[in-house]
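# Overview (structure and organization)
So the chains spell out like this:
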Amino acid sequence: MSTSYFQSIGRIRFEGPETDNPLAYRFYDENRLVAGKTMREHFKFAVAYWHSLCNTGGDPFGPGTKAFPWLSASDPIQRAKDKMDAAFELITKLGLPYFCFHDFDLVEEAESLAESERRLHAIADYAKAQMASNGVKVLWGTANLFGHPRYMNGAATNPDFAVVAHAGAQVKIALDITMELGGENYVFWGGREGYQTLLNTQMKRELDHLARFLGMAKDYARQNGFKGHFFIEPKPMEPSKHQYDFDASTVVGFLQSYGLDQDFKINIEVNHATLALHTFQHELQVAANAQMLGSIDANRGDYQNGWDTDQFPNNLLELTEAMLVILESGGLQGGGVNFDAKTRRNSTDLEDLFHAHIGGVDAFARALLTADAILTKSSYSTWKQERYASFNEGEGLLFEQGALQLGDLFNIAKRNGEPEQRSGRQEMYENLLNRFL
Ligand code: XLS
Ligand code: NI
Ligand code: NI
């Protein structure tokens, strides 16, 4: 590594909850065993290349505010290499095991597909050499099929086959470099896969195309030896008014109805869940119910507005509920926790990237410890089991086994009379979270 971009900052270490050092982990102790796995294994934390290395904070009202020194070279390949040096310095100083990328986060897209491909392979070679020595890995790769103007009417769901083919070429190259870098998973977030008005849209046809496209990508990767998971990342809106992958439930139905449910799982993003008017934990549970809880894009939204603010996670109650779902469903399948989050526009010091990730990592670590304590040291699981005790024996059990008819329900209800009122005790459950925090 040539230049150091974060010279004043050393390796971030676990110092325990009492430390005064803002550049230390208080709860994330990577080798600590919790529920049979190390914290490192539970989370598989990843830095998101696009937010932390590329995004200088521009918004619709003004330009970027962050002077990232790794973006100053004029040659695109040199700029990409500088950015990668900064990325690996950031990731290794944070002590995190993974990163995630879009193809054109790594290096800028060129005028032609051929030149873009050449650039991507050049930077992938550069990455590979460094990863061999620094041990950092790729949690997932993806293709940016939403930024370029050619995708304004969609990528895989574009009404023009020429654009669909171009998107296919881009996915092929993104898969090639993801595989070259030993990427463990591959993500599809359908930013432009949706529509603005049904007046100009054959929805069924577009969905058929999307399924065909995903199937082709899967077949190509499998033929080339890719063993990882494919994840669909749901989001209900923004940029399209109607996004096809609205929420976890929609995606489960889509994957099942097109026969893609063996290879594809779901990547749940906190702020996308809340945009769909769900909670994060609801989306996790829906994915887990379908055996499709693959990975997480960690961030948080804002209570007072309705878009993807992508703030770093810090809501301990939300995360504790999430960790309960994750622990109870046996963990993430193949994926990890990717910080799809950006520092605020006015957080302009390079050091802010460290504070942001440290805060997110520690929030998850603390939530894991809390959830584990709730599961192992409280009556939480027993209470939840007992709520359903009437299905454990007798007629309730027969109902679950499919041994009753509607007429039987009629006879049972007539015999029993009005059911006894049973409290849901929501507040009692909620108090457990605070008690164990
Ligand atoms: C945007 C998405 C995006 C995906 C990857 O809202 O979260 O960043 O995670 O394309
Ligand atoms: Ni995301
Ligand atoms: Ni997002």
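Predicted model only: the values in this text are computed from it and were never measured.

Thresholds, definitions, all that
- Residues numbered from 1 in each chain as written.
- Chains lettered and ligands numbered in written order.
- Predicted model: local features only at pLDDT ≥ 70, side-chain atom pairs only at ≥ 80, totals over all residues.
- Heavy atoms only, no water.
- Donors = N, O, S within 2.8 Å, 3.2 Å for Na, K, Ca; no water.
- Tetrahedral: all angles 85-135°; square planar, octahedral: opposite > 155°, others 65-115°.
- Helix = DSSP H or I, 4+ residues; strand = E, 2+ residues; numbered from the N terminus.
- Buried < 20%, exposed > 50% of the residue type's maximum accessible area, 1.4 Å probe, protein only.
- Salt bridge = Lys/Arg side-chain N within 4 Å of Asp/Glu carboxyl O.
- Near = heavy atom within 4 Å.
- Polar contact = N/O pair within 3.5 Å; in protein donor to acceptor, adjacent residues only side chain to side chain.
- Areas by Shrake-Rupley, 256 points an atom, 1.4 Å probe, with all protein chains shown as cover.
- Phe/Tyr/Trp six-rings, centres within 6.5 Å; stacked < 30°, edge-to-face > 60°.
- Expected span 1.5 Å × (residues − 1).
- Axes fitted to C-alpha atoms, helices over the stretch in contact; angles between N-to-C directions.
- Parallel < 35°, antiparallel > 145°, perpendicular 65-115°, else oblique.
- Left-handed = near helix turned anticlockwise from the far one by under 90°.
- Contact = heavy atoms within 4.5 Å.
- Nonpolar A, V, L, I, M, F, W, Y, C, P; charged D, E, K, R; others polar.

## Some details on the coordination of the nickel ion (ligand 2)
Protein coordination of the nickel ion (ligand 2) is provided by Glu233 (OE), Glu269 (OE), Asp297 (OD) and Asp340 (OD), with donor distances spanning 1.9 to 2.1 Å. In this structure, the nickel ion (ligand 2) is surrounded by six donor atoms whose angles at the metal cover 81 to 175°, and the resulting shape is octahedral. Counting along the primary sequence, the residues that act as donors to the nickel ion (ligand 2) give the motif E-x35-E-x27-D-x42-D. Between the nickel ion (ligand 2) and the nickel ion (ligand 3) the interatomic distance comes to 3.9 Å, and Glu269 is a ligand of both metals. A residue pair is termed long-range when its members are at least 10 positions apart, and Glu269 in strand S10 (residues 264-269) and Asp297 in strand S11 (residues 293-297) qualify at 28 residues. The exposure class assigned to Glu269 is buried, which follows from its relative accessible area of 2%.

## Some remarks on the pattern of salt bridges
The full count for this structure, using the stated rule, is 18 salt bridges. In this structure, Glu184 and Lys44 form a salt bridge, with 3.0 Å as the shortest nitrogen-oxygen distance. Of the two residues, Glu184 sits in the loop between helix H6 (161-180) and strand S6 (185-188) while Lys44 sits in the loop between helix H1 (39-43) and strand S3 (45-48), which places them 140 residues apart along the sequence. Note on Glu184: relative accessible area 24%, which makes it partly exposed. Notably, a salt bridge pairs Asp263 with Lys218, separated by 4.0 Å at the nearest N-O pair. Of the two residues, Asp263 sits in the loop between helix H8 (248-257) and S10 while Lys218 sits in helix H7 (residues 203-223), which places them 45 residues apart along the sequence. Of the residues examined, Asp263 reaches a relative accessible area of 16% and is grouped as buried. Taken together, the shared-partner salt bridges in this structure form one network comprising Lys218, Asp219, Arg222 and Asp263.

## Points about the environment of Asn200
Inspection of the secondary structure assignment puts Asn200 in the loop between strand S7 (194-195) and H7. In this structure Asn200 comes out as exposed when scored by relative accessible area, which is 61%. Distance in space between the C-alpha atoms of Asn200 and Pro159 is 9.5 Å, their sequence separation being 41 residues.

## Quick look at the site of ligand 1
Neighbouring residues of ligand 1: Trp50, His102, Trp140, Phe146, Trp189, Glu233, Lys235, Glu269, His272, Asp297, Asp308 and Asp340. The contact in question runs from an oxygen atom of ligand 1 to an N or O atom on the side chain of His102, over 2.6 Å. In this structure, Asp340 approaches ligand 1 through a side-chain N or O atom, which is 2.8 Å from an oxygen atom. Relative to its unbound accessible surface of 290 Å², ligand 1 loses 93% to contact with the protein.

## Details of the packing of aromatic side chains
Across all of its chains, the model carries 25 aromatic pairs by this definition. Relative to Trp70, the ring of Phe6 lies with its centre 5.7 Å away and its plane at 50°, an arrangement referred to as tilted. Of this pair, Phe6 sits in the segment before strand S1 (33-34) while Trp70 sits in the loop between helix H2 (49-54) and helix H3 (76-94); the two residues are 64 residues apart in sequence, bridging distant segments of the chain. Accessibility expressed as a relative area gives 2% for Phe6, which makes it buried. According to the relative accessible area criterion, Trp70 is buried, its value standing at 0%. For the pair Tyr25 and Tyr28, a centre-to-centre distance of 5.4 Å together with 80° between the ring planes defines the contact as edge-to-face. Here Tyr25 and Tyr28 have matching classes, each one buried.

## Examining H3
Between its first and last C-alpha, H3 extends 27 Å over 19 residues, near the 27 Å set by a 1.5 Å rise per residue. Within H3, 16 of the 19 residues are buried, which leaves the element mostly enclosed by the surrounding structure. Among the residues trailing H3, Gly95 stands out with phi positive, at a value near 70°.

## Some thoughts on the packing of helix H13 (residues 380-387) against helix H16 (residues 426-436)
The interhelical angle for the contact between H13 and H16, taken along N-to-C directions, is 160°, at an axis separation of 11 Å. The angle between H13 and H16 places the two elements in the roughly antiparallel class. Regarding H13 and H16, the two cross each other, and that crossing is left-handed. For the pair H13 and H16, the contacting residues are Tyr380, Trp383, Lys384 and Arg387 in the first and Met428, Tyr429 and Leu432 in the second. Looking at the contact of H13 with H16 residue by residue, the class counts come to five nonpolar, no polar and two charged.

## Description of helix H11 (residues 316-328)
With 13 residues, H11 ought to run about 18 Å at 1.5 Å a step, and its terminal C-alpha atoms sit 18 Å apart, in line with that. Within H11, the full set of buried residues consists of Leu316, Glu318, Leu319, Thr320, Ala322, Met323, Leu324, Val325, Ile326 and Leu327. Backbone nitrogen of Leu317 and a side-chain oxygen of the N-cap are separated by 3.3 Å at the start of H11; the cap is Asn315. Once H11 ends, the next one or two residues include Gly330, with phi positive near 85°.

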